[in-house]
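# Architecture at a glance
Listed here are the chains, written in short residue letters.
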Amino acid sequence: MQERQGAVRMIVQQYIKDFEKLGFGMFVHFGLYSVIGMGEWSKKSRDIPWEEYLKTLDTFYPKADWAQELVLAAKGAGCKYITLTTRHHDGFSLYDTCGLNRYDAPHICGRDLVREFVDACNRHGIIPFFYHTYLDWYDERFNSDFPAYLDFLRKSVELLCTRYGK
């Protein structure tokens, strides 16, 4: 067991060294909160009721070339990587949660926005990174049945780790 842990530690240390060599990158908050233009914490900090906040679902239709524009802007600024919020605290996912829930971009705007992001990054030599929150204001299991929520969370993160490449 110690031998395996040592091997894992060496792999992780190499990933950290590789990341540190990248230098300049960009962190992008993008989701339903982008529609109201008040930031990713606006639902909580402004105490916006769910029925009001969920109205953003009716207007969340990112431009067809949003990912291309983002990646080209980052590349023009000298970025080597971009980290995208694939799911933030409002619980909305930018990727297909494959039946785990319907509170995701494919069910709202008909597109897998993480796929668009990764494809644009790959086309232009930018390394894609994912941010995924553990906090969830939308899913009731977060407060009422945390073990069930953790199962959902693990499956959700597994989708990100297996469907979009390295």
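The text that follows walks through the structure, step by step, so that each part is easy to find. (Residues numbered from 1 in each chain as written. Predicted model: local features only at pLDDT ≥ 70, side-chain atom pairs only at ≥ 80, totals over all residues. Heavy atoms only, no water.)

### Notes on the overall build of the chain
Short version of the rule: Going along the chain from the N terminus, every DSSP run of H or I of four or more residues is numbered as a helix, and every run of E of two or more is numbered as a strand. Only heavy atoms enter the contact rule, under which two residues are in contact if any of them lie within 4.5 Å.
Scanning the chain for helices and strands turns up nine helices and three strands. The helix and strand sequence of the chain, counted from the amino end, reads α-β-α-α-α-α-β-α-α-β-α-α. Expressed along its principal axes, the backbone C-alpha trace of the chain runs to roughly 50 × 45 × 30 Å. For the chain, the share of sequence-separated contacts (at least 6 apart) that also reach a separation of at least 24 residues comes to 68%.

### What about the state of the cysteines?
Cysteine pairs can be covalently joined through their sulfur atoms, and such a bond is termed a disulfide. Stated precisely, the cut-off is as follows: Any two cysteine sulfur atoms within 2.5 Å of one another count as a disulfide. Using a 1.4 Å probe on the protein chains alone, a residue whose accessible area is under 20% of its type maximum counts as buried, one over 50% counts as exposed, and one in between counts as partly exposed.
In total, this model carries zero disulfides according to the counting rule given. Of all cysteine sulfurs in the structure, the one in cysteine 98 sits closest to cysteine 109, which takes part in no disulfide; the separation is 15 Å. Here cysteine 161 stays unpaired: no disulfide links it, and the sulfur of cysteine 98, its closest cysteine neighbor, is 13 Å away. Cysteine 161 sits in the exposed class, given a relative accessible area of 57%.

### Points about empty space enclosed by the protein
In plain terms, the rule: Cavities and pockets were defined on a 1 Å grid built from protein atoms only: a cavity is a group of points that admits a 1.4 Å probe but offers it no way out, a pocket is an open group of points flanked by protein on both sides within 12 Å along at least five of seven lines, and a lining residue is one with an atom within 4 Å of any such point. Grid points are joined across faces, edges and corners, and a volume is the space filled by probe spheres set on the points.
Considering all chains together, one arrives at one cavity of 30 Å³ or more under this definition. Roughly 40 Å³ of volume is contained in the largest cavity. Contributing to the lining of the largest cavity are Phe30, Gly31, Leu32, Tyr33, Thr85, Thr86, Arg87, His88, Asp90, Phe92 and Leu94. Per-element tally for the lining of the largest cavity: the top contributor is strand β2 (residues 81–87), with three residues.

### Topic: the side chain of serine 93
In plain terms, the rule: Each polar contact in these results corresponds to two N or O atoms within 3.5 Å; when the atoms are within protein, one needs to be able to donate a hydrogen and the other to accept it, and residues that are neighboring in sequence are counted only if both atoms are side-chain atoms.
Tracing the chain through its elements places serine 93 in the loop between β2 and α6 (105–108). Within the structure, serine 93 has its side chain in polar contact with the side chain of arginine 87 (distance 2.7 Å). Those residues in contact with serine 93 that lie beyond four places of it in its chain are Thr86, Arg87, Tyr103, Asp104 and Ala105.

### Here we look at the pattern of salt bridges
To keep things clear, this is the line we draw: The term salt bridge refers to a pairing of a side-chain nitrogen on Lys or Arg with a carboxyl oxygen on Asp or Glu at a separation within 4 Å.
Under the counting rule described, the total for this entry stands at six salt bridges. Residue glutamate 69 is joined to lysine 63 by a salt bridge in which the shortest nitrogen-to-oxygen separation is 3.0 Å. The salt bridge partner of aspartate 151 is lysine 155, with a shortest N-O separation of 3.1 Å. With a gap of four residues between them, aspartate 151 and lysine 155 both fall in helix α9 (residues 146–163), about one helical turn apart.

### Some details on helix α5 (residues 66–76)
We apply this condition: Arc definition: directions from the helix axis to the C-beta atoms.
Those residues of α5 that fall on the buried side of the exposure criterion are Trp66, Ala67, Leu70, Val71 and Ala74. Along the long axis of α5, the arc covered by the buried residues comes to 125°, so they all point the same way. Those residues of α5 hidden inside the fold are in contact with β1 (25–28), β2 and α7 (113–123). Just past α5, the residue glycine 78 takes up positive phi, approximately 95°.

### Some words on the layout of surface pockets
Estimates place the volume of the largest pocket at around 490 Å³. Lining the largest pocket are 17 residues, with Tyr15, Ile127, Pro128, Phe129 and Lys166 sitting closest to its centre. Secondary structure elements with two or more residues in the lining of the largest pocket: α1 (2–22), β3 (127–132) and α9. In terms of residues, the lining of the largest pocket owes the most to one element, β3, which gives six residues.

### Comments concerning the packing of α5 against α7
Each packed pair of helices is defined by two parameters, the angle between the axes and the distance between the axes. Rules: Geometry is summarised by axes, namely lines fitted to C-alpha atoms with helices restricted to the contacting stretch, and by angles between N-to-C directions that run from 0 to 180 degrees. Note on angle classes: values under 35 degrees are labelled roughly parallel, values over 145 roughly antiparallel, values of 65 to 115 roughly perpendicular, and the remainder oblique. For a crossing to be left-handed, the near helix must be turned anticlockwise from the far one by less than a right angle; the clockwise case is right-handed. Residue type decides the class: Asp, Glu, Lys and Arg count as charged, Ala, Val, Leu, Ile, Met, Phe, Trp, Tyr, Cys and Pro as nonpolar, and the leftover types, Gly among them, as polar.
Interhelical geometry of α5 versus α7 gives an angle of 40° and a closest axis separation of 8 Å. With respect to their mutual orientation, α5 and α7 come out oblique. In terms of crossing hand, the pair formed by α5 and α7 is right-handed. Judged by residue contacts, Trp66, Ala67, Gln68, Leu70 and Val71 of α5 engage Leu113, Glu116, Phe117, Ala120, Cys121 and Arg123 from α7. For the contact of α5 with α7, the per-class residue count stands at eight nonpolar, one polar and two charged.

No statement about biological role is implied by the geometric values presented.
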